[in-house]
Amino acid sequence: MISVMKSGLQTSVQDYPGRIGHMSLGFPPSGPFDSWSFRLANLLVGNPGTAAGIECQFLGPTLRFEAPAVFAVCGADMSAKLDGVPLERWRSLEAKAGQVLEFGAAKTGARTYIAVSGGLDVPVFLGARATFQKASVGGVGGRALKPGDRIAMLPASSDARAGREVRAEARPPLDGVRRWTVDVVAGPHDDWLAPEAIAMFLSSPWKLSGKSDRTGFRLEGPPFAFAAKATDKPPENGSDPSNIIDFGYPIGGINLAGQTPIILVSDALTMGGFICPFTVPTSSFWQLAQSRPGDLYDFNLLSVGDAQTARQRLDALCTVDSLL
Amino acid sequence: MLVELGNEMSLDVNFRAQGLALAVRQAAVAGVLDAAPCFATVLLHYDSDRIGYDDLQREIARLAETMAAAGPADLPSRLHYIPALYLDPWTRACIEDYAAKIAPRGYDAEGIAATNGLADAADFARVHAATEYWVAAIGSWPGLPFMMALDPRCRLSAPKYNPPRTVTPQGTIGLGGSSTCIYSVESPGGYQIFARTPVPIWSAEGRLRGVGDPMVRLRPGDRVRFLPIDRAEYDWIDEKVKAGAYEGAVVDYHTFSAGKYRTWAKTVAP
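Model, not experiment: these values are computed from the prediction.

What counts, and where the lines are drawn
Residues numbered from 1 in each chain as written. Chains lettered and ligands numbered in written order. Predicted model: local features only at pLDDT ≥ 70, side-chain atom pairs only at ≥ 80, totals over all residues. Heavy atoms only, no water. Helix = DSSP H or I, 4+ residues; strand = E, 2+ residues; numbered from the N terminus. Contact = heavy atoms within 4.5 Å. Core = buried A, V, L, I, M, F, W, Y, C linked by side-chain atoms within 4.5 Å. Buried < 20%, exposed > 50% of the residue type's maximum accessible area, 1.4 Å probe, protein only. Salt bridge = Lys/Arg side-chain N within 4 Å of Asp/Glu carboxyl O. Pairing = 2+ DSSP bridges. Domains from an automatic or database assignment. Buried area = accessible area lost by both parts, 1.4 Å probe. Polar contact = N/O pair within 3.5 Å; in protein donor to acceptor, adjacent residues only side chain to side chain. Axes fitted to C-alpha atoms, helices over the stretch in contact; angles between N-to-C directions. Parallel < 35°, antiparallel > 145°, perpendicular 65-115°, else oblique. Left-handed = near helix turned anticlockwise from the far one by under 90°. Nonpolar A, V, L, I, M, F, W, Y, C, P; charged D, E, K, R; others polar.

> I'd love a proper account of the side chain of Arg217(B), names of residues and values included.
Its place among the elements puts Arg217(B) in the loop between β12 (192-196) and β13 (223-228). Not counting residues within four places of it along the chain, the set of residues in contact with Arg217(B) comprises Arg78(B), His80(B), Ile82(B), Val199(B), Pro200(B), Ile201(B), Leu208(B), Arg209(B), Val211(B), Asp222(B), Tyr246(B) and Gly248(B).

Here you go:
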């Protein structure tokens with residue numbers, strides 16, 4: 001059992017890959033935003049990468065272990081301490097019953113992941129333990145953690161031991177980055193933009209707005225020009241050039257709502273009526289997850305095939321071969 | 001992968017989208033994780049380790065070809081009566097908040113009335129409530145219905161918010177393009193908003209009564225009729241809902257005839 005003493009900012013239980021296969025009921029995948037750090041944390045404690053753990057955002061929680069556990073902290077540096085003693089990220093550690101794991105604000109990056117051996121035991125909803133707050137499902141009571149919550153742990157794997165470490169080259173390079181090169185693929189609606197708008201999008205730095213969260217990442221930058229397809233269309237689309245008859249949104253789609261690009265991330269809506277001229281592949285989600293309002297993105301165009309290769313490369317890093 | 005079946009909002013295109021999604025599920029195409037139909041499209045979520053983009057495209061084209069050219073002639077279709085307080089205080093407050101914090105705008109019902117050649121907000125509310133709606137898809141947020149007006153005389157159109165709202169009250173009824181939705185949970189949103197229903201259309205705890213599924217009130221192929229109510233009626237229903245005593249008003253003995261609908265729609269088309 002783990003007790004929550006302080007909640008931090010929107011701290012939640014997540015599992016990987018989250019709630020898959022229910023978009024036509026209105027459920028996004030949810031799950032850890034930076035699944036690279038999340039999976040490594042699980043592997044460190046002897047879990048499969050999929051097991052339920054904790055996602056901290058910007059300001060971490062204070063937790064007490066009610067039973068001994070092997071645990072690991074990966075992702076952003078939130079000055080984690082065990083009973084007041086600073087601890088290292090990217091390695092498995094042992095906690096005794098009664099020890100307190102405490103986090104502060106993120107010094108670099110934005111999201112930190114905590115895995116415990118065995119994984120967290122919260123109810124499964126539509127195939128996943130991931131929290132989806134908009135629908136009040138998954139995790140602990142379908143919400144962010146609150147002081148007083150007690151979270152059960154599943155039996156620890158016999159493989160769990162302290163002293164494992166993630167190889168330096170297998171860690172996401174997130175520390176100190178404030179300007180990110182993020183992959184995109186074209187489509188599904190790149191042909192609704194004027195050719196010069198595509199060039200503009202790919203050559204401009206985009207600033208992450210403070211009005212961003214797990215449902216969407218709003219970007220600030222220059223305005224878009226549109227192709228005839230966007231302006232000459234039946235009225236049921238809606239008259240603004242960015243308006244289209246509602247359709248299923250791809251995960252990572254860069255939704256153009258009027259003139260505001262919004263990246264549809266882990267808890268985003270699954271359908272809607274704004275075009276998506278570009279899509280961020282899931283292999284780049286860790287960069288979004290670790291960026292902070294005011295950070296800049298430069299988008300790098302990839303083919304669908306190259307994006308799939310990038311995802312395979314990332315998956316290959318999320319294995320026990322990445323551990324020392 | 002997004003499969004586009006048309007660029008129009010019609011019953012026939014929606015039948016094709018729903019039909020293709022069903023065919024994909026029934027064929028259990030290896031590597032396809034999800035098939036999400038909407039008005040005129042199907043979004044496919046697939047595992048590229050199990051099926052490549054080109055192979056999936058071929059497989060979908062094959063399924064689309066073998067699908068019957070016409071949709072079903074007759075199908076069972078539930079009719080839901082959903083009480084709605086048009087020109088309600090909550091969507092007004094939401095618009096005022098947006099106008100103060102994000103971008104200036106007037107009340108949505110007035111704007112939609114003006115651009116659709118209607119006299120005023122009350123006239124718009126009358127026209128919006130004067131038709132049955134076809135539930136073309138569920139999605140966006142849990143249980144949220146995407147609907148189109150079945151009576152061609154009530155087909156309205158409204159541009160979506162630029163930029164979208166960061167918040168919309170649960171139960172808000174909105175129009176974007178020619179699609180009407182009911183916001184199932186408090187969420188961001190881009191549709192123009194002008195009414196609210198006290199009736200929950202999604203329940204995480206499975207507390208819906210009077211419908212087959214205790215979590216999701218509506219499903220594709222259902223129809224919705226909005227019943228304009230006043231504030232006193234809204235509050236009365238809201239109390240019943242909160243007490244767990246509200247039963248949905250659902251008619252479950254109709255057969256929807258697509259052929260008869262097409263013929264009728266032609267006779268009344270403006």
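> I'd like to hear about the nonpolar core, residue by residue, with values.
Within the largest apolar cluster, 102 residues are counted, with the highest numbers of intra-cluster contacts made by Leu288(A), Tyr297(A) and Phe299(A). If you tally residues by element for this core, the top one is helix α1 (residues 35-44) of chain A, at 6 residues.

> Can you lay out the pattern of salt bridges for me, pointing to particular residues and giving the numbers?
Tallied over the entire structure, the rule returns 29 salt bridges over all chains. For Arg262(B), the salt bridge goes to Asp12(B), with nearest N and O atoms at 2.6 Å. On the criterion of sequence distance, the pair formed by Arg262(B) in helix α7 (residues 258-268) and Asp12(B) in helix α1 (residues 11-27) is long-range, its members being 250 residues apart. Among the residues examined, Arg262(B) registers a relative accessible area of 30% and is labelled partly exposed. Using a relative accessible area of 36% as the deciding quantity, one classes Asp12(B) as partly exposed. For Asp235(B), the salt bridge identified is with Arg231(B), shortest N-O distance 3.0 Å. With a gap of 4 residues between them, Asp235(B) and Arg231(B) both fall in helix α6 (residues 231-242), about one helical turn apart. What makes Arg231(B) partly exposed here is its relative accessible area of 41%. Where salt bridges share partners, they join Arg39(A), Arg311(A), Asp315(A) and Asp49(B) into one cluster.

> Which residues make up the pairing of strand β3 (residues 53-57) of chain A, and what values do they have?
All names here are of chain A. The buried fraction of β3 amounts to 5 of the 5 residues, a majority that puts the element mostly inside the structure. Pairing between strand β2 (residues 12-14) and β3: 3 bridges, direction antiparallel. Along β3, the bridge assignment pairs Ser12 with Glu55. Of the strand pairs in this sheet, β3 and strand β10 (residues 108-116) are connected by 4 bridges, and their pairing is antiparallel. The partner of Cys56 across the bridge, within β10, is Thr112.

> So, the domain arrangement of chain B: which residues are in play, and what are the values?
Residues and elements named next belong to chain B. According to the domain assignment, chain B contains domain 1 (2-71) and domain 2 (76-268). Domain 1 and domain 2 are separated by 27 Å when their C-alpha centres are compared. Each side of the interface is counted separately: domain 1 has 10 residues, and domain 2 has 14 residues. Each partner contributes to the roughly 1,000 Å² buried at the junction of domain 1 and domain 2, and carbon and sulfur atoms together form 69% of this total. The largest per-residue losses of area from domain 1 upon contact with domain 2 belong to Met9, Leu11 and Phe39, which jointly make up 55% of the total buried on that side. Counting the contacts that link domain 1 with domain 2 gives 1 salt bridge. Summed over the shared surface of domain 1 and domain 2, the result is 5 residue pairs in polar contact (both at pLDDT 80 or more). Residue contributions to the side of domain 1 that touches domain 2 peak at 5 residues, all from α1.

> Give a detailed account of the packing of α1(A) against helix α5 (residues 304-317) of chain A, specifying residues and quantitative values.
Residue and element names in this part refer to chain A. One can describe the packing of α1 onto α5 by two numbers: an axis separation of 10 Å at closest approach and a directional angle of 25°. Compared by their axis directions, α1 and α5 come out roughly parallel. As for how α1 packs across α5, the hand of that crossing is right-handed. Between α1 and α5, the contacting residues are Trp36, Arg39 and Leu40 on the first element and Leu314, Asp315 and Leu317 on the second. Of the residues in the contact of α1 with α5, the class split is 4 nonpolar, no polar and 2 charged.

> How would you summarise the sheet that holds strand β5 (residues 69-77) of chain A if you had to cite specific residues and measurements?
All names here are of chain A. If you trace the 5 strands from one edge of the open sheet to the other, you get β2-β3-β10-β5-β8, paired in antiparallel fashion. The strands lining the two open edges of the sheet, one partner per strand, are β2 and β8 (92-95). Here the average twist between neighbouring strands, direction ignored, is 35°. Sitting on the sheet, α1 is in contact with β2, β3, β5, β8 and β10, with an inclination near 155° to β5.

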